[in-house]
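Structure at a glance
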Amino acid sequence: MRLDDDIHNFYEKLVLEEIEKRKLNERYNDDVMADFCCTVLNQLPPRYIRYDVDMAFYLTQTDRLDMQQRVELAINFAIDQIAKKKDINE
């Protein structure tokens, strides 16, 4: 078994989906995006799984909405942090 191949944090997928939805990857360079993703994921509880389909099957609609709201709040926080850092550096 290889940990990095066999399991992953389900929140990573949700974060990437939200980043693409908001087109944040077009707004920030790769270096900023790496820090951004760390900031976002460090605010979220880990939810490790082997297969996404398992999560989709066992997750209730309420839980899914809660997870999505957590991701949105974490991303908003990270955007604010980037703005503060940019203001400091200018």
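Residues numbered from 1 in each chain as written. Predicted model: local features only at pLDDT ≥ 70, side-chain atom pairs only at ≥ 80, totals over all residues. Heavy atoms only, no water.

What about helix α4 (residues 30-41)?
A rise of 1.5 Å per residue sets the reference length of α4, with its twelve residues, at 16 Å; its end C-alpha atoms lie 16 Å apart and thus fit the reference within 8%. For α4, the complete set of buried residues consists of Met33, Phe36, Cys37 and Val40. Looking straight down α4, one finds its buried side chains confined to an arc of 100 degrees; they lie on one side. At the N-terminal end of α4, a side-chain oxygen is found 3.0 Å from the backbone nitrogen of Asp31, two or three residues along, and the residue is Asn29. (Helix = DSSP H or I, 4+ residues; strand = E, 2+ residues; numbered from the N terminus. Expected span 1.5 Å × (residues − 1). Buried < 20%, exposed > 50% of the residue type's maximum accessible area, 1.4 Å probe, protein only. Arc of directions from axis to C-beta. Polar contact = N/O pair within 3.5 Å; in protein donor to acceptor, adjacent residues only side chain to side chain.)

A word on helix α2 (residues 10-22)
In this model, α2 (13 residues) spans 19 Å end to end at C-alpha, consistent with the 18 Å of a helix rising 1.5 Å per residue. Looking only at α2, the buried set comprises Phe10, Tyr11, Leu14, Val15, Glu18 and Ile19. By the N-cap criterion, in which a side-chain oxygen at the helix start approaches the backbone nitrogen of a residue two or three places on, α2 is capped by Asn9, the distance to Tyr11 being 3.0 Å. Following α2 by one or two positions, Lys23 adopts a phi angle in the positive range, close to 55 degrees.

Let's talk about the nonpolar core
With 22 residues, the main nonpolar core has Ile19, Phe36, Val40 and Ile75 as its most contacted residues. Mapped onto this core, the elements with two or more residues apiece are α2, α4 and α6 (61-89). In terms of residue count, the dominant contributor to this core is α6 (seven residues). In contact with Val40, other than residues within four places in its own chain, are Val15, Ala74, Ile75 and Ala78. (Core = buried A, V, L, I, M, F, W, Y, C linked by side-chain atoms within 4.5 Å. Contact = heavy atoms within 4.5 Å.)

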